[in-house]
Amino acid sequence: MTPVLCIGSVLWDVIGRTPAHMSVGSDVPGHIIRVPGGVALNIAFGLARFGVGCELLTAVGRDIDGTALLEEARQRGIGTAHAYVSDDLPTDRYMAIEGANGLVAAIADAHSLERADDKILTPLVDGRFGTEAAPFEGVVALDGNLSEGLLGRIAKGPWLSAADLRIAPASPGKAHRLAPLLRMPGATFYVNLEEAGLLLGARPKTAADAARGLSDRGAARVVVTDGPRPAASARDGVVLTATPPEVLVTRVTGAGDTFMAAHIAVERDGAEPAAALEAGLQAAAQHVSGDIAT
Ligand SMILES: Nc1ncnc2c1ncn2[C@@H]1O[C@H](COP(=O)(O)OP(=O)(O)OP(=O)(O)O)[C@@H](O)[C@H]1O
Ligand SMILES: O=c1[nH]cc([C@@H]2O[C@H](CO)[C@@H](O)[C@H]2O)c(=O)[nH]1
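You'll find the protein entered in an unreviewed UniProt entry as Pseudouridine kinase, with Palleronia marisminoris given as the organism.

Novice: Whenever I open this one, the UniProt feature "domain: Carbohydrate kinase PfkB" (unreviewed entry) in the protein confuses me. Can you help?
Specialist: Within this structure's numbering, the places UniProt gives as "domain: Carbohydrate kinase PfkB" (unreviewed entry) are residues 1–102 and 189–288. Secondary structure across residues 1–102 comprises 23% helix and 35% strand; the distance between its end C-alpha atoms is 39 Å. In this annotation, residues 189–288 is assigned 48% helix and 22% strand; the end-to-end C-alpha distance for the span is 21 Å.

Novice: Quick question: what am I supposed to make of the site of ligand 1 here?
Specialist: Around ligand 1, the surrounding shell holds 16 residues, and the nearest of these are Asn 192, Thr 225, Gly 227, Val 252 and Gly 256. At 2.8 Å from an oxygen atom of ligand 1 is found a side-chain nitrogen or oxygen belonging to Asn 192. Here an oxygen atom of ligand 1 sits 3.0 Å away from a polar atom, N or O, in the main chain of Ala 255. For the shell around ligand 1, the secondary-structure elements that each account for two or more residues are β12 (221–226), α7 (255–268) and α8 (273–288).

Novice: How should the pairing of β12 be read in this particular structure?
Specialist: Both faces of the sheet carry side chains from a regular strand, because those side chains alternate between them. Counting buried residues along β12, 6 of its 6 residues qualify, which places the element largely inside the surrounding structure. Side-chain alternation along β12 places Arg 221, Val 223 and Thr 225 on one buried face and Val 222, Val 224 and Asp 226 on a second face that is also buried. Here β12 hands over to strand β13 (residues 229–235) after 2 residues, with Gly 227 in that stretch at a positive phi of 55°.

Novice: For this particular structure, what's the right way to read the nonpolar core?
Specialist: Soluble globular proteins tend to bury their nonpolar side chains together. Counting 44 residues, the largest nonpolar core has Ile 7, Leu 124, Leu 142, Ile 154 and Leu 160 as its most contacted members. Per element, the largest residue contribution to this core is 5 residues, and it comes from helix α6 (residues 207–216). In contact with Ile 154, not counting residues within four places along its chain, are Leu 121, Leu 142, Leu 146, Trp 159, Leu 160, Leu 181 and Met 184. Counting 35 residues, the second-largest nonpolar core is a separate cluster that includes Leu 47, Leu 70, Ala 231 and Phe 259.

Novice: Quick question: what am I supposed to make of the side chain of Asn 42 here?
Specialist: With respect to the helices and strands, the residue Asn 42 is situated in helix α1 (residues 39–49). With relative accessibility at 17%, the residue Asn 42 sits in the buried group. In this structure Asn 42 touches Pro 36, Gly 37 and Asp 257, once residues within four positions along its chain are discounted.

Novice: Which parts of the structure should I look at to understand the sheet that holds strand β1 (residues 4–7)?
Specialist: Adjacent strands of a sheet form backbone hydrogen bonds with each other and so pair up, either parallel or antiparallel. Read from one edge to the other, the open sheet built from 8 strands follows the order β4-β1-β9-β10-β11-β12-β13-β14, with strand pairing classed as mixed. This sheet does not close on itself; its edge strands, each paired only once, are β4 (54–57) and β14 (238–242). Neighbour-to-neighbour, the strand axes of this sheet turn through a mean angle of 15°, independent of strand direction. Seen against the sheet, helix α5 (residues 193–200) touches β11 (187–192) and β12 and runs at an angle of roughly 115° to β11.

Novice: Mind showing me how you'd approach the packing of aromatic side chains here?
Specialist: Tallying each qualifying case throughout the model produces 1 aromatic pair. Taking the centre distance of 6.1 Å and the plane angle of 80° together, the rings of Phe 129 and Phe 136 count as edge-to-face. The exposure class assigned to Phe 136 is buried, which follows from its relative accessible area of 5%. Positioned above the aromatic ring of Trp 12 is the side chain of Arg 34, whose terminal nitrogen or guanidinium carbon lies 3.7 Å from the ring centre. Over the aromatic face of Phe 45 sits the side chain of Arg 76, whose NZ or CZ is 3.8 Å from the ring centroid.

Cut-offs applied
- Along each chain, residue indices are assigned from 1 in the same order as the chain's sequence is written.
- Just so you know, chain letters begin at A and ligand numbers begin at 1, following the order they were written in.
- In keeping with the model being predicted, local features are shown solely for residues with a pLDDT of at least 70 and side-chain atom pairs are shown and tallied solely at 80 or more, while totals for entire chains, interfaces and linings include all residues.
- Side-chain numbers here rest on the full set of heavy atoms in the structure, without hydrogens or water.
- UniProt positions are given in the numbering used here, feature names are shortened, and annotations may be inferred rather than shown by experiment.
- In this text, helices come from DSSP runs of H or I with a minimum length of four residues, and strands from runs of E with a minimum of two, each type numbered from the N-terminal end.
- Nearness of a residue to a molecule or strand requires only that one of the residue's heavy atoms be within 4 Å of it.
- Here a polar contact means two N or O atoms within 3.5 Å. Within protein one must be a hydrogen donor candidate and the other an acceptor candidate, and residues neighboring in sequence count only if both atoms are side-chain atoms.
- Burial classification: accessible surface area is computed with a 1.4 Å probe over protein chains only, and a residue below 20% of its type maximum counts as buried, one above 50% as exposed, and the rest as partly exposed.
- In short, DSSP must find at least two bridges between two strands for them to pair.
- Only buried residues count toward a nonpolar core. Its members are Ala, Val, Leu, Ile, Met, Phe, Trp, Tyr and Cys residues joined through side-chain atoms within 4.5 Å.
- In this analysis, two residues are considered to be in contact whenever any of their non-hydrogen atoms come within 4.5 Å of each other.
- Think of each axis as a best-fit line through the C-alpha atoms, taken over the contacting stretch in the case of a helix, with angles from 0 to 180 degrees between the N-to-C directions.
- Pairing of aromatic rings covers Phe, Tyr and Trp, the last counted by its six-membered ring, and requires centre-to-centre distances within 6.5 Å; plane angles under 30 degrees mean stacked, over 60 mean edge-to-face, and any other angle means tilted.
- A ring is considered to have a charge above it if a Lys NZ or an Arg CZ atom is located within 6 Å of its centre and within 35 degrees of its normal.

Pasting the structure below:
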């Protein structure tokens, strides 16, 4: 089967976790871990867990961090042969603080991916996965870590014009970058309620309101999650909702990416929209409760 192309960030997450409630200026004991991250890699890991073949189109540095990340991916069966490995750009990094009150703050340094620009997309036009005349027709998971300029060019350019495109903003801070892609005919958006609100320029109260709102703005298909509250999907005016299982939350980083990977994986096996929504919520529940490894 054609692999899913995961396009976007592959970087190291440095995450500080503490059971204490954190606020600005807190300095508390806790644990600091370094794990592979970046939305595109998180989605690839999720797809690999479902046995879905995938390939990374990303940029990493030709350095210890980049080499180790690609090796981690390969060990899980993820294709890395088409990733752009830069001689002069360093591998990107993300750092986050998680307390009893959830994600307190995070900073993403994805500047190397941004600077690599459309070099990461070369395999889509040089014949490896497609050409300008015969663009790639398979599933693509695209993250919003790409620069705003490149995302704008993707909306009009040849690279992903025929793909079954699944798009995730990398963070609320980058949600606006996706605006140029909103009306792409083959696109599905996976956003949380906050990101949906930022794209809408409004404050939807529920995932269903947000999904309807984005559909009204011309999005072909939307899936909106809202933490422990009901998630929704919308296509052609039909809105579905489903409630996440109640779980004890041990970690929050990456839940949305896990949801998206599961949703894509079961749809490739023919799942209908309601079943795909349920599968996404089940996988996310396992993720936040710590039942599946990062
Ligand atoms: N507190 C929670 N309790 C139960 N399930 C949760 C909780 N937080 C997240 N989830 C599960 O994870 C899914 C995605 O969460 P959320 O809407 O917070 O996405 P997100 O903000 O994109 O996640 P992240 O940025 O952490 O990857 C939810 O639909 C739900 O299934
Ligand atoms: O701007 C970004 N923020 C967060 C992420 C990734 O999302 C995950 C947290 O939801 C985490 O793995 C981080 O690397 C990213 O790739 N870009």
